[in-house]
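# Residue-level structural notes
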Amino acid sequence: MFTKDGEENEGGIEMKEGESETVIGASVKVDGDFISEGNILVQGIVNGSLKTAGNLQVEEGAKIKADVEATNAVVRGEVKGNVTISENLELGSAASIEGDITTKVLSIEPGAVLNGHCAVSANGKETSEPSSVQKPSSDEEKD
Amino acid sequence: MYAYFIDDWVYSRKYHKQMDKLDLGLTQNGISGRKFKLGRLHNLSRSIDECFSTGIKTFVAVGNDETASKLLNNLLKVEKGSEKQEHKKFTFAVIPIDDSSQFIAHCFGCKTLQESIKFLAVHKTNTIDVGLINNRHYFITAAVFPKASSLSFLSYTVSSLKKGHHISVCNFNVYKKVDPKQKKNRFDISDGLFDAVIAYHPDLSLIDRICSNIASIEDFTPESIFPIKEITIKNKQKTISIFADVDKQMSTPVRVDVVPKLLNVVIGNL
């Protein structure tokens, strides 16, 4: 988990709020292939591709139309594209992902929308037959 | 050994008392040195060469940001154009006179004349990164670009969706409103990286608007931050006016390069 008060949750992602090296603010649009070595916080719009060797945090209201690669990620915004995370991926209740997910550890909060294939394996590599995840019914979404 | 490059305007009657304090402070601390008056026709490069040949290693700008920027650019150009080893190792310092346009001195933690003399005597130094604009103008603090500019990186571009923004490329933190948690890891003056910042105008009250209280750079709120080693800033205008320690006219696109650990400076309390 990303911790807000500087404490680290056991087994969680060790990226504290305020440690993002790159901040893509809510009023900003990024077009192209965004490649970084450090942590990224996305609050705005990203079109193209997004790749980092560090951690990724996608805030509520953020819109990513790109394939995403990171070590750890917390998604609370919208992602249209394939998401490849080598360690932990956490989907918040406001998250919406349209694309395939590949990760080692996945946690999903109730309310998150996932429309695509999902591959979770201990070595972080995609299995030969990814399990499909169904889009929640409209009734569930309203709840 | 020290060389003091004193701006022309400092010799005016208005600053006689400050000059007396300067002389006294330098003598008392045993850091007196050679003095140069920076007149309009002064050949700064020749004076710098002369200083290097006499073994002077500490160059002090006495005046304001313009004095410091002028001396810094000439020093680095002499250093760049020279293969002599003695031209490669020098220390840069500033002594502020008057309160206006003292951005560089404030960034170095030298807010007053007395403080600066004290820090110069202590000679606590730090090697910092320097920015280079269009391969010709060096800057230390930050380069601030006009509205309607966009950031262009090697493989992606960044544009603002909202009006009322400005773009800056910062070495030192020029904003008051930076998240304290962010400050810890940002604006490191010797990490080989600058921060490209898109900041927004604060919401002004109706009274402020009526009174035309225009917010200064410091009052803008940084929203997006990109660590950079090099960057290109685009603008529809062919020539734009930017602030890079001092006001400058630059042709677009403007390229900013970070030269890591280029300058040894006397630093006060940061």
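Chains are numbered independently. Their residues run from 1 in the order of the written sequence. Each chain is given a letter, starting from A, and each ligand a number, starting from 1, according to the order in which they appear as written. Reporting of local features is limited, given that this is a predicted model, to residues whose pLDDT is at least 70; pairs of side-chain atoms are given and counted only at 80 or more, and all residues count toward the totals for whole chains, interfaces and linings. As a rule here, side-chain values come from all non-hydrogen atoms in the structure, and water together with hydrogens is ignored.

### Comments concerning the overall build of chain A
Counting from the N terminus, the helices are DSSP H or I runs at least four residues long and the strands are E runs at least two residues long. A count of helices and strands for chain A gives one helix and 15 strands. Expressed as a percentage of the 143 residues in chain A, the buried residues total 45%. Contacts are assigned to residue pairs with any non-hydrogen atoms lying within 4.5 Å of each other. For chain A, long-range pairs separated by at least 24 residues make up 7% of all intrachain contacts whose partners lie at least 6 apart in sequence. Here the Shrake-Rupley method, with its probe set to 1.4 Å, supplies the accessible areas, and only the displayed protein chains count as covering residues. Counting only carbon and sulfur atoms, one obtains 41% of the accessible surface of chain A, whose full area is about 7100 Å². Burial classification: accessible surface area is computed with a 1.4 Å probe over protein chains only, and a residue below 20% of its type maximum counts as buried, one above 50% as exposed, and the rest as partly exposed.

### Describing the environment of I233 of chain B
All names here are of chain B. Within the secondary structure, I233 is located in strand β13 (residues 230–234). Sequence spacing of I233 and P253 is 20 residues, and the spatial spacing of their C-alpha atoms is 5.7 Å. In contact with I233, other than residues within four places in its own chain, are F145, S149, S150, L151, V169, P253, V254 and V256.

### Examining the environment of I97 of chain B
Residue and element names in this part refer to chain B. Along the polypeptide, I97 turns up in the loop between β4 (91–96) and α4 (103–107). Along the sequence, I97 and L161 sit 64 residues apart, while their C-alpha atoms lie 41 Å from each other. Once residues lying within four places of it in the same chain are set aside, the contact partners of I97 are W9, V10, Y15, Q18, V62, G63, Q102 and L113.

### Details of helix α5 (residues 113–122) of chain B
Residues and elements named next belong to chain B. Taken together, the buried positions of α5 are L113, S116, I117, F119 and L120. Buried residues of α5, seen end-on, are gathered within an arc of 165° and therefore sit on one face of the element. Backbone geometry just after α5 places H123 at a positive phi near 60°. Think of it as the arc spanned by the lines of direction from the helix axis to the C-beta atoms.

### Some thoughts on the pairing of strand β5 (residues 55–58) of chain A
Residue and element names in this part refer to chain A. What you see with β5 is no split at all: N55 and Q57 on one side and L56 and V58 on the other are buried throughout. Bridge analysis of strand β3 (residues 40–42) against β5 gives three bridges, and the strand direction is parallel. Across the sheet, the residue bridging to I40 is L56, located in β5. Taken together, the four bridges between β5 and strand β7 (residues 72–75) define a ladder with parallel strand orientation. Among the inter-strand pairings, N55 is bridged to a residue of β7, identified as N72. Note: two strands are recorded as paired if DSSP finds a minimum of 2 bridges between them.

### Topic: the packing of aromatic side chains
Residue and element names in this part refer to chain B. Stacked, tilted and edge-to-face are the three classes applied to pairs of Phe, Tyr and Trp rings, where Trp contributes its six-membered ring and a pair requires centres within 6.5 Å; stacked means planes under 30 degrees apart, edge-to-face means over 60, and tilted covers the rest. This structure, assessed with the given rule, holds 15 aromatic pairs over all chains. Ring plane angle 15° and centroid distance 6.2 Å describe the contact between Y2 and Y4, whose orientation is recorded as stacked. Taking relative accessible area as the criterion, Y2 reaches 15% and is therefore assigned buried. Centroid distance F5 to F36: 4.7 Å. Interplanar angle 10°. Geometry classified as stacked. A residue pair is termed long-range when its members are at least 10 positions apart, and F5 in strand β1 (residues 2–7) and F36 in strand β2 (residues 34–38) qualify at 31 residues. Members of the aromatic cluster, each reached through a chain of ring pairs, are F5, F36, F52, F59 and F90. Remark: a charge is flagged as sitting over a ring if the NZ atom of Lys or the CZ atom of Arg is within 6 Å of the ring centre and within 35 degrees of the ring normal. The ring of Y11 carries K37 above its face, with NZ or CZ at 5.0 Å from the centroid. Its end group placed over the ring of Y200, K162 keeps NZ or CZ at 4.6 Å from the ring centre.

### Re the side chain of T91 of chain B
All names here are of chain B. Counting through the fold element by element, T91 comes out in strand β4. Within the local environment of T91, its side chain forms a polar contact with the side chain of N264, the two groups lying 3.2 Å apart. If we skip the residues at most four places from it in the chain, T91 touches K57, T58, F59, H123, T125, N264, V265 and V266. Between N or O atoms, a polar contact is any pair within 3.5 Å; within protein, one atom must be a potential hydrogen donor and the other a potential acceptor, and residues adjacent in sequence are included only when both atoms are from side chains.

### Here's the deal with the confidence of the model for chain A
Residue and element names in this part refer to chain A. Residue-level confidence of the predictor is summarised by pLDDT, bounded by 0 at the bottom and 100 at the top. Counting all residues, the mean pLDDT for chain A is 81, and 71% of those residues have values of 70 or more. Put simply, helix α1 (residues 138–142) is where chain A has its lowest mean pLDDT, 50, and strand β8 (residues 78–80) is where it has its highest, 97. Counted against residues more than four places away or in other chains, residues 1–19, with its pLDDT under 50, gives 41 contacts.

### Observations concerning helix α2 (residues 44–53) of chain B
Since there are 3.6 residues in each turn of an α-helix, residues three or four apart along the chain are aligned in direction. Residue and element names in this part refer to chain B. Those residues of α2 that fall on the buried side of the exposure criterion are L44, S47, I48, C51 and F52. For α2, the arc enclosing every buried residue in end-on projection is 140°, short of the 170-degree limit, so these residues lie on one face. Opposite its buried face, α2 presents the exposed residues R46 and S53, each directed more than 90 degrees away. As for α2, its buried residues are in contact with β1, β2, β3 (58–63) and α3 (65–81). Of the residues that open α2, the one with a side-chain oxygen 3.4 Å from the backbone nitrogen of S45 is N43. Positive backbone phi, at 90°, marks G55, one or two positions downstream of α2.

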